[in-house]
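Residue strings, one per chain:
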Amino acid sequence: MHSQRNQRHFVVAELAPTIAALLADIERRARPDALLASNTSSLRIADIAAALADPARLVGVHFFNPVAMMPLVEVVRTAATGDEAFRQAAAFVRKLDKLPLPVQEAPGFLVNAVLGPYMYEALRCVDEGIAPEAIDAALTAFGMPMGPIELVDTVGLDIAVAAGKALAGADAVLPRALADKVAAGQLGKKSGQGFYAWPGGKVSRPAAGAIPDGLAARIVAPLLAASQASRSTATAPSGVRKDWAAGTAIPRTYTRWVGHRMSTRRMRSRRWVSSA
């Protein structure tokens, strides 16, 4: 057990050279059998691994916000990731009582590639003049554990920009409201101001006014379409097709797991987790 005094915390910019340099330094100091992992959702794991003496040690372990409520964790491997590191990462996730979803590296991995169109549609609504709080109220009433605008504030607006460019290309046209916030240095929760104010790290959200008819259905529709389309892509490592298929189903059933209504144990009872 580590004492509180020995614990060290870092704030690291979501930049591949910065993260690669940090992990390369950790690699030199860590035990030879220590697993190295990144929670990035917008950078290529392979680019980070290239800075390591042994790229086989690095995996992606990608949690979803809000972490306490979301049982899914993507375990991401590159062409260089070793089988043992991949196995250890999945075992680590299971010890956290969460569901490891094995995926090959690809833009957005798997779930963000599905959620990206949903988030983009919500931000388009902001550009059209619909209040962020009305959007979030519509989606939480629909069943989402967190509205998409609060979610993008929580993740970080700069991270959302990077993830969007990873999915759509560097020349992608950003939603105007998102681009304006980032240009003003309003990055969401971590800066204290994004689409909402975050005094003391807690969201301060105005009361929602009238919610346009059909708003939730409009925003969820791209998520459903992307989920269906993703089931025909080849992002799953060989031998884990069943787990991968579950991962593409999860965004479509996202509205069912407010809190832990569908617990990780129940998911396991449906044989969604590979025994490998």
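Here the structure is a predicted model, which means the values were calculated and not measured. (Residues numbered from 1 in each chain as written. Predicted model: local features only at pLDDT ≥ 70, side-chain atom pairs only at ≥ 80, totals over all residues. Heavy atoms only, no water.)

## With respect to the pairing of strand β3 (residues 72–77)
Logical step 1: With six of its six residues buried, β3 lies for the most part within the structure.
Logical step 2: Of the two faces of β3, the one carrying L72, E74 and V76 and the one carrying V73, V75 and R77 are both buried.
Logical step 3: As paired elements, strand β2 (residues 58–63) and β3 share four bridges and run antiparallel to each other. The partner of F63 across the bridge, within β3, is V73.
Logical step 4: By the bridge criterion, six bridges tie β3 to strand β4 (residues 99–104) in an arrangement that is parallel. Opposite V73, over in β4, you have P100 as the bridge partner. (Buried < 20%, exposed > 50% of the residue type's maximum accessible area, 1.4 Å probe, protein only. Helix = DSSP H or I, 4+ residues; strand = E, 2+ residues; numbered from the N terminus. Pairing = 2+ DSSP bridges.)

## Overview of the pattern of salt bridges
Working definition: two side chains of opposite charge can pair if their charged atoms are close together.
Logical step 1: Inspection of the entire model under this criterion finds 13 salt bridges.
Logical step 2: Taking the shortest distance from any N to any O, the salt bridge between D25 and R28 comes out at 3.4 Å. Note that D25 and R28 are positioned in helix α1 (residues 16–29) at a spacing of three residues, about one turn of the helix.
Logical step 3: On the basis of relative accessibility, which here comes to 25%, the residue D25 falls in the partly exposed class.
Logical step 4: Notably, a salt bridge pairs E121 with R218, separated by 2.6 Å at the nearest N-O pair. Taken together, the residues span a long stretch of sequence, with E121 in helix α4 (residues 111–127) and R218 in helix α9 (residues 215–230) at a distance of 97 residues.
Logical step 5: Under the relative-accessibility criterion, E121 is labelled buried at 10%.
Logical step 6: What emerges from the salt-bridge pattern is a single network uniting E121, R124, E128 and R218. (Salt bridge = Lys/Arg side-chain N within 4 Å of Asp/Glu carboxyl O.)

## Focus: the confidence of the model for the protein
Logical step 1: For the protein, the mean per-residue pLDDT works out to 80, and 77% of the residues sit at or above 70.
Logical step 2: This stretch, residues 1–5, has a pLDDT under 50; its non-local contacts, to residues over four places away or in other chains, come to two contacts.
Logical step 3: Note that pLDDT drops below 50 for residues 233–276; the model gives that stretch 91 contacts with residues more than four away or on any other chain. (pLDDT = per-residue confidence, 0-100. Contact = heavy atoms within 4.5 Å.)

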